[in-house]
Amino acid sequence: MEQLLSNLGLGFSVALSLTNLWYCFIGVLLGTLIGVLPGIGPLATIAMLLPVTFTLSPTSALIMLAGIYYGAQYGGSTTAILVNLPGETSSAITMLDGYQMARQGRAGPALGIAAIGSFLAGSAATLLIAVAAPPLAEVALKFGPAEYFSLMVLGLVGAVVLAHGSLVKAIAMVVLGLLLGLIGTDVNSGVARFTFGVPELSDGLGFVAIAMGTFGYAEIILNLEQGDKREVFTSKVGKLLPSMDEFIYCVPSIIRSTLLGSFLGILPGGGALLGSFSSYAVEKKLTKDRQPFGKGNIRGVAGPEAGNNAAAQTSFIPMLTLGIPSNAIMAMMIGAMMIQGIAPGPQVMTQKPDLFWGMIASMWVGNLMLVVLNLPLIGMWIKLLTVPYRLLYPAILLFCTIGVYSVQNNPFDSILTAMFGLFGYLCVKTESEPAPMLLGYILGPLMEENLRRAMLLSRGDPTVFFQRPISAVMLGLAILLLIFMALPMLRKKREEVFTEEET
Amino acid sequence: MQIKNGKDFWAGWMYIGFGAMFLIVAQNYSMGSALRMGPAYFPTWLGSLLVLLGIAVVVRSFTSHLEHPWRLFEFRPLFFFASVVLGGLAYWKQAWLVGIHPWVALAANGVGIVLFFSSFGKRSLSWILLVTVLFGYLLKPLGIVLTTIALIFGASLAGHEFKFKEILFLSIGLAIFSAAAFVYGLGLPFPVWPELRG
């Protein structure tokens, strides 16, 4: 307990320094600004804003990125409520009841409870991270290469199971990502692999180019293809704060969703999407009074928003303690860490306590800022929503292009981004979920390295992965998960879940 | 035989293509053994797995219960093959096009990229991608102000509506903003105006 307080004390002293407070603020502001734009989800927002953080110190950069993440998520909810156009699937759930509330002239309370619910859930989840992270990191420090390899397999399988659509295609995308991650100089032999004689590729494919192309560009292009059809409820937002009665009505739902979301966020493959979806399902079952769900019940906004934020927060736990991303957004965070020269893993906590605890404390600060910032600024976001897309997208495109170019000041990155833009477009057209690919890309080199080491230690005996207990349990879980998902009965259920979510 | 699920069909071929590429290129490196893995070991296994998964998805596209049209997006095979030929030439140019003038090589590469990007999708796709590549190459010689204006005009042509006056104001505004924010504010090493020297 004392340890916890002193750690948090250190964290807050870092997070509350003027510089970091400023970057946290800028991050939340920019994140909301981009995230509020219809059709641009948190993933695309972070990809677009990633280059902005490169000039900062590692601590400030990560604090700013985390801020961007919450901002983007909250911005997405705002759009879902006001425009009926979700940035990504996690706010699609909020849209169900939020948009109905907006149509009934209650957009204000919907936006208000979304902010309050997110804040409460975020605060609880942040505390959970502070409590749970150190012991987990200690366990992880004892992991050998075999355990790490199995853990990554489990993480990737988890991500695959939770991806939309076809299981086989999600596995294929992971494998493709792993392969893309291998491009560049092989650390063991010094051979430049898959570079096709291009010197720019010897350091590997640029992370920013991949992320920005596959997520940012593809979204812009698809939005352009679809054309602009929006209906914005700007005039009747009304007062923002929900009434006391409404708030009390939502409290149990916020508590339940926070618990559920926090748990789901830690799982491999878990994250905001799972949190909001499950919370909505639970609340729908448990709430019998007032309006039915889907017709503008305020719990249908409070629950998923709390669950989504709690899960978003706790998905930092595996990222910070094990160095393993549980979803594509955490993969971006790891990418950003690596660009900053920090090797992600359990040693971060002991070697860079100021960064580790500063980031955790800044999560709470960021969540507070969201509430403080968004409630008064809501008018501005609404104005932004009424700007026609034909004027917005050239500006977004400009910032993306400058961002990509600025990483290395090399036109080759522009070509690479365009290539991945095309790839992202084809992925959407063929329903190949690109998020597992990004996970694979981050884990590819790590997996190869740990596989090599494990095999070297076991003298080439592949059964080592089943002889070591922790490794065996994790591989067993991964295999079980895959078998379960391949069972026809469960597969049908899974399809139902994902189609229900999309409509 | 009829393709039922066009999405699976194309996705499968995409996986096969990528998998085969990695698999074939990896054979240039040493395989090593399970004990001491060479640089080809991991990619060979992964590449083979990807090809197998691709085949499975293509096979499934003929029996799928989900119906999707065969034509998912516009595809111009002629452009595509021409760009592949030009790309191949660029890759092997060291071998048999040694004495070629650099401008000719550059033009060939440029045409190749234009053809490649315009072989897929609607106009919006190719415009956005081309504008991005052009931005990367024009920024140093032209400076950020002119490049920004060019990018905004180019990007606007990808949309459904194009109003000259509106875009003119937007581009000038953004040009001033990006010079101020990125060059003077963030200190990025971009030239602001074209560098006038011989």
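Residues numbered from 1 in each chain as written. Chains lettered and ligands numbered in written order. Predicted model: local features only at pLDDT ≥ 70, side-chain atom pairs only at ≥ 80, totals over all residues. Heavy atoms only, no water.

Draft legend 1. Summary view of the environment of Ile34(A). Residues and elements named next belong to chain A. For Ile34, the location among the structural elements is in helix α2 (residues 18-35). Each C-alpha atom of the pair Ile34 and Met48 lies 8.8 Å from the other, and the pair is 14 residues apart in sequence. Leaving out residues up to four positions away in the same chain, Ile34 has contacts with Ile40, Thr45, Met48 and Leu49. (Helix = DSSP H or I, 4+ residues; strand = E, 2+ residues; numbered from the N terminus. Contact = heavy atoms within 4.5 Å.)

Draft legend 2. Representation of a nonpolar patch on the surface within the structure. Residues and elements named next belong to chain B. On the surface, Trp127, Leu157, Phe162, Phe164, Leu168, Ile172 and Ile176 cluster together to form a nonpolar patch covering roughly 620 Å² of accessible area. Broken down by element, the residue count for the nonpolar patch peaks at four residues, all from helix α7 (residues 164-185). Along the chain, the position of Leu168 falls in helix α7. By relative accessible area, which is 30% here, Leu168 ends up partly exposed. (Patch = residues over 30% accessible without salt bridge, like charges linked within 9 Å, V, L, I, M, F, W, Y side chains within 5 Å. Areas by Shrake-Rupley, 256 points an atom, 1.4 Å probe, with all protein chains shown as cover. Salt bridge = Lys/Arg side-chain N within 4 Å of Asp/Glu carboxyl O. Buried < 20%, exposed > 50% of the residue type's maximum accessible area, 1.4 Å probe, protein only.)

Draft legend 3. Seen up close, the pattern of salt bridges. According to the stated counting rule, one finds 14 salt bridges over all chains in the structure shown. The salt bridge partner of Asp8(B) is Lys169(A), with a shortest N-O separation of 2.7 Å. Here the residue Asp8(B) occupies a position in helix α1 (residues 6-26), and Lys169(A) occupies one in helix α8 (residues 167-182), the pair thus bridging two chains. Taken as a pair, Asp8(B) and Lys169(A) share a single burial class, namely buried. Taking the shortest distance from any N to any O, the salt bridge between Asp186(A) and Arg193(A) comes out at 3.5 Å. Taken individually, Asp186(A) and Arg193(A) each receive the classification buried, so the pair is uniform in this respect. Members of the salt-bridge network, linked through shared partners, are Asp186(A), Arg193(A), Glu448(A) and Arg452(A).

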